[in-house]
Amino acid sequence: METPGLPAKIDPDALTTVLDGRWAGLRRAVRAQMAAEDFNDPASDTDVGTEAHRAQVLEWLRLLARTDRPGLGFDPAYGGGGDVGGALTSFEMLGFGDLSLMVKAGVQWGLFGGAVQLLGTERHHERYLRKIKDLELLGCFAMTEHGHGSDVQHLRTTATYDPATREFVVHTPDRGAMKEYIGNAARDGELAVVFAQLITGGESRGVHAFLVPIRGENASGVEIEDCGRKAGLNGVDNGRLTFTQVRVPREALLNRFGDVAEDGTYSSPIESDGRRFFTMLGTLIRGRVSVAGSAGSATKRALALAIRYGEQRRQFARPGGEEVVILDYRAHQRKLLPALATSYALHFAQEALVSKLNDLAEDAPEEEQRELESRAAGVKAVSTWHATATIQAAREACGGSGYLSENLIAGLKADTDVFTTFEGDNTVLLQLVAKGLLTSYKDHFEDLSPLATARFVAEQLVEAVIERTSARKVVERLTEADDGDVLYSREWHLKLFEDREEHVVGGVAQRLRKAGSDPFGVFNDAQDHVLRAGRAHVDRVVLEAFVGAIERCADADARELLERVCDLYALANIEADRGWFLEHGRLTSGRSKAVTAAVNALCADLRPHARTLVDAFAIPEQYLAAPMLRD
């Protein structure tokens, strides 16, 4: 069994063209600025203190503000570019450098500015958007509480309307309601978008967003506490916020989805409190998408460092010969090349997600909006888990050199570690993906309470399981075939992924249908199955995105190389889950062994092109200037 031969030399620029995709011009512009400015990560210097790092990142933020890119996602009426996809691509590119800069930029222009634009109305846009874009006004996004992270619907901070003064009184009732880990809060933020339970006329109308000054003469009653030194991202000034009867004017309510009249009367274009809440949160998925993209950039940087090191580091000699370059060892290739293939796959999935978000009309059907939210949740979860695992593998692949701060990988490990839990804990996000599959994006899509999920699924499941396709027959036919070339059949890969998703989702449906009098217990017992369903769905979506990107590749040699990288992604994924495929009759034992042999063969075939594949990421050289790579 052999893989098709590859050209001896392939131009990395041809691959870069495919990777850069729809926003190629913007990517080139960001690279040019990153190469021209000294955006090197000071976290690689252990002598840099927290305050110095924060000051440096703020200065970099001001350099970014001098370009038009921070305003790309804003309404053109207020100096923006009206290019949501471009804004998200810019954040993704910042992930090649100091991730503290990416996070601080994301807080300022993505979360804070995005909330004002998407949750506010003209009065907020006129007053704030230009100042936010130009960095005249620095702000925070105060959602997470000490006692409630992913469970946003049950935040405990209150905003009670006082009709006598026409003000909202924002209050932290207990320590569990303290806003925690709020970026820009400890040092630089002046105004915060605070998420709180809106209470008017003695009735709670659910979580809404309010603009609350946290510094200056109007910030009486606001207590700020510095979160202090973190494991990573120390250029971001995370803080804790506590509000003691803080009064803000009625107009401080970001009122696109709900408003309060002077007399305290509540009104909303969306009648259901639950649907209003989930619609509001649905507008804020850009942060989640940005985290996925920047995690991908950091992972590419780690792989570029490790593969360059693997091509020059030698260890152990062949009998009678010279020492062997460590990337020539199959074990070393297996450590890095399947991860590299997955990074390519996730890059194309991210690009497809950004394009879909950019093109989705505001009045798109609810089902399309929910599907987008589900995809964003799944890609974020898988991308950030991949970053954590791959950066660790890159560190190990560089041995002790990878452990030294000066060689950059240790800083990448520290900075990306939190990505798996901010902008949504990954375990919770995969449950959200699975619920979307099971409920066909009905009401309460994002009510993440296990009890509510179980009850809703049990009631509405029958029509919601994804439709049967011809996948099973194709899988069975190809599984039985003796032809070893079937392992490189894209049809087999796609149908196998599709069939796995269909089977796992159907299994979850059957288990949850038995909820009966103990829906929570049944859901809790099936939670591992629910998570597998979410992961199987994302894997299928990612593979399809990779296939779509290959079809758009105009250069024949680059296309052939991408075909082999896609083969490696698919077969390594199958190999990693071969226990399931064997248990469910999708692989014979012989075919399972053949998959492993094929992964080895693909690693060998791609070894000569490893440097080309990482060079195609076009990471500015200053971000790869590790001492371990010096000749």
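Each chain has its residues counted from 1, running along the sequence as written. Under the rules for a predicted model, residues below a pLDDT of 70 receive no local features and side-chain atom pairs below 80 are neither given nor counted, while totals for whole chains, interfaces and linings still include all residues. Neither water nor hydrogens contribute to the side-chain values; these are computed over all heavy atoms in the structure.

## Notes on the overall build of the protein chain
Convention followed: Under the DSSP-based scheme used, a helix requires at least four consecutive residues in state H or I and a strand at least two consecutive residues in state E, with every element numbered from the N terminus. Between buried and exposed lies partly exposed: a residue is buried under 20% and exposed over 50% of the maximum accessible area for its type, with that area taken using a 1.4 Å probe on protein chains only. By definition, residues are in contact when any of their heavy atoms lie within 4.5 Å. All accessibility values rest on the Shrake-Rupley procedure with a 1.4 Å probe; residue burial counts only the protein chains present in the view.
Counting secondary structure elements, the protein chain contains 22 helices and 13 strands. Expressed as a percentage of its 631 residues, the buried residues of the protein chain come to 59%. Within the protein chain, contacts between residues separated by at least 24 positions form 75% of all contacts whose residues are at least 6 apart in sequence. Summed over all atoms, the accessible surface of the protein chain reaches about 24,600 Å², with 47% contributed by carbon and sulfur.

## Some details on the side chain of Asp162
Applicable threshold: Two N or O atoms form a polar contact when they lie within 3.5 Å of each other; inside protein one atom must be a possible hydrogen donor and the other a possible acceptor, and for residues adjacent in sequence the pair counts only when both atoms belong to side chains.
Among the secondary structure elements, Asp162 is positioned in strand 2 (residues 158-162). Side chain to side chain, Asp162 and Arg247 meet in a polar contact 3.2 Å long. Not counting chain neighbours up to four residues away, the residues in contact with Asp162 comprise Glu167 and Arg247.

## Concerning helix 3 (residues 50-65)
The test is simple: How far a helix is expected to stretch is found by multiplying one less than its residue total by 1.5 Å.
Between its first and last C-alpha atoms helix 3 spans 23 Å; for 16 residues at 1.5 Å apiece the expected length is 22 Å, and the two agree. Within helix 3, the full set of buried residues consists of His53, Arg54, Val57, Leu58, Trp60, Leu61, Leu63, Leu64 and Ala65. Next to the buried residues of helix 3 lie helix 2 (24-36), helix 4 (84-94), helix 5 (99-119), helix 6 (122-133) and strand 7 (222-226).

## Examining the nonpolar core
Stated precisely, the cut-off is as follows: The term nonpolar core refers to a set of buried residues drawn from Ala, Val, Leu, Ile, Met, Phe, Trp, Tyr and Cys, joined through side-chain atoms within 4.5 Å.
Within the largest apolar cluster, 173 residues are counted, with the highest numbers of intra-cluster contacts made by Trp109, Phe195, Tyr344 and Phe546. With 13 residues, the top contributor of residues to this core is helix 9 (residues 330-359). Residues Ala142, Leu241, Val248 and Ala252 belong to the second largest nonpolar core, which totals 25 residues.

## Examining the sheet that holds strand 4 (residues 179-182)
The criterion, for reference: Pairs of strands are assigned from DSSP output, requiring at least two bridges between the strands. Helix axes use the C-alpha atoms of the stretch in contact, all axes being lines fitted to C-alpha atoms, and the angles between their N-to-C directions lie in the range 0 to 180 degrees.
With respect to topology, 3 strands assemble into an open sheet ordered 4-8-7, the strand pairing being antiparallel. The sheet is open, and its two edges are formed by strand 4 and strand 7, each paired on a single side. Between one strand axis and the next, the sheet turns by 25 degrees as a mean value, whatever way the strands run. Of the pairings in the sheet, the one linking strand 7 to strand 8 (residues 239-243) comprises 5 bridges and is antiparallel in character. By the bridge assignment, Val222 is partnered in strand 8 with Phe243.

## Looking at the packing of helix 4 against helix 9
Packed helices, taken two at a time, are described by the angle between their axes plus the distance between the axes. Running from N to C, helix 4 and helix 9 cross one another at 150 degrees; their axes reach a closest spacing of 8 Å. Across the interface between the two elements, Val84, Gly85, Leu88, Thr89 and Glu92 of helix 4 pack against His347, Gln350, Val354, Leu357 and Asn358 of helix 9.

## A closer look at a negative patch on the surface
Let me state the cut-off plainly: In this analysis, a patch consists of residues with relative accessible area above 30% that form no salt bridge, clustered at 9 Å for like charges and at 5 Å for the nonpolar side chains Val, Leu, Ile, Met, Phe, Trp and Tyr. Salt bridge, as applied in this entry: a Lys or Arg side-chain nitrogen positioned within 4 Å of an Asp or Glu carboxyl oxygen. All tallies of charge rest on Lys and Arg as positive and Asp and Glu as negative; His and the ends of each chain are not included. Where a charge sits is defined by one atom per residue type, namely NZ (Lys), CZ (Arg), CG (Asp) or CD (Glu).
On the surface, Asp11, Asp13, Asp555 and Asp557 cluster together to form a negatively charged patch. Along the chain, Asp11 falls in the segment before helix 1 (12-20). Of the residues examined, Asp11 reaches a relative accessible area of 44% and is grouped as partly exposed.

## Focus: unusual backbone geometry
The residue Asn184 is not glycine, and still its phi comes out positive at about 80 degrees. Relative to the helices and strands, Asn184 is located in the loop between strand 4 and strand 5 (191-200). Its identity is not glycine, yet Ala618 carries a phi of approximately 55 degrees, on the positive side. Of note, Ala618 is situated in the segment after helix 22 (610-615).

Fair warning: the whole summary comes from geometry, so function is off the table for now.
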